[in-house]
Amino acid sequence: MWAFFSRRARLWLITVLVAPVASLVLGRLGTALERRNGPNTFSRGLRAGSRLLDRGRSKARARAQS
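Here the structure is a predicted model, which is why all the values come from computation and not from measurement.

J.: Now, about the overall build of the protein chain: what can you tell me, with residues and values included?
T.: In terms of helices and strands, the protein chain carries 2 helices and 0 strands. A compact globule built from 66 residues should have a C-alpha radius of gyration of about 11 Å, whereas the protein chain, at 15 Å, is more than 25% larger. Put simply, the protein chain has 66 residues, and 17% of those count as buried. Here the contacts in the protein chain between residues at least 6 apart in sequence split such that 33% fall between residues at least 24 apart.

In structure tokens form, the structure reads like this:
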């Protein structure tokens, strides 16, 4: 089914659906690990991944509006 979508539609779906969910999951996992074990490289990496996805979505949104 994925192959039936155009490139632009796939990019839009990833930006609108997958990125926010992945960002939320990574952020919550990182926070939970930090609460349980304290800050470590893995939990900081998860939280950084969440911030990276948020930043990417913000830039994509700004480009779409201009």
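Moving on, there is more to tell.
J.: A description of the side chain of serine 43 should follow, citing residues and the corresponding values.
T.: Here serine 43 shows up in helix α2 (residues 41–65). If we ignore the near neighbours within four places in the chain, the residues touching serine 43 are Gly30, Leu33, Glu34 and Gly38.

J.: Provide a residue-level description of the side chain of serine 23, including the pertinent values.
T.: In this fold, serine 23 is placed in helix α1 (residues 7–37). For serine 23, a relative accessible area of 5% translates into the label buried. Discounting residues that sit within four places of it in the chain, serine 23 has contacts with Ser50, Leu53 and Asp54.

J.: Which residues make up α2, and what values do they have?
T.: Its 25 residues give α2 an end-to-end C-alpha distance of 36 Å, which sits within 8% of 36 Å, the value for a rise of 1.5 Å per residue. At the N-terminal boundary of α2, the capping side chain belongs to asparagine 40, with an oxygen 3.1 Å from the backbone nitrogen of phenylalanine 42.

J.: Could you give an account of the pattern of salt bridges, with specific residues and numbers?
T.: Under the definition given, this model contains 1 salt bridge. A salt bridge links glutamate 34 to arginine 47, with the shortest nitrogen-to-oxygen separation between them at 3.0 Å. Of this pair, glutamate 34 sits in helix α1 while arginine 47 sits in helix α2, placing them 13 residues apart in sequence.

The rules behind these values
- Residues numbered from 1 in each chain as written.
- Predicted model: local features only at pLDDT ≥ 70, side-chain atom pairs only at ≥ 80, totals over all residues.
- Heavy atoms only, no water.
- Helix = DSSP H or I, 4+ residues; strand = E, 2+ residues; numbered from the N terminus.
- Rg over C-alpha atoms; globule rule 2.2 N^0.38 Å.
- Buried < 20%, exposed > 50% of the residue type's maximum accessible area, 1.4 Å probe, protein only.
- Contact = heavy atoms within 4.5 Å.
- Expected span 1.5 Å × (residues − 1).
- Polar contact = N/O pair within 3.5 Å; in protein donor to acceptor, adjacent residues only side chain to side chain.
- Salt bridge = Lys/Arg side-chain N within 4 Å of Asp/Glu carboxyl O.

By themselves these figures say nothing about function.
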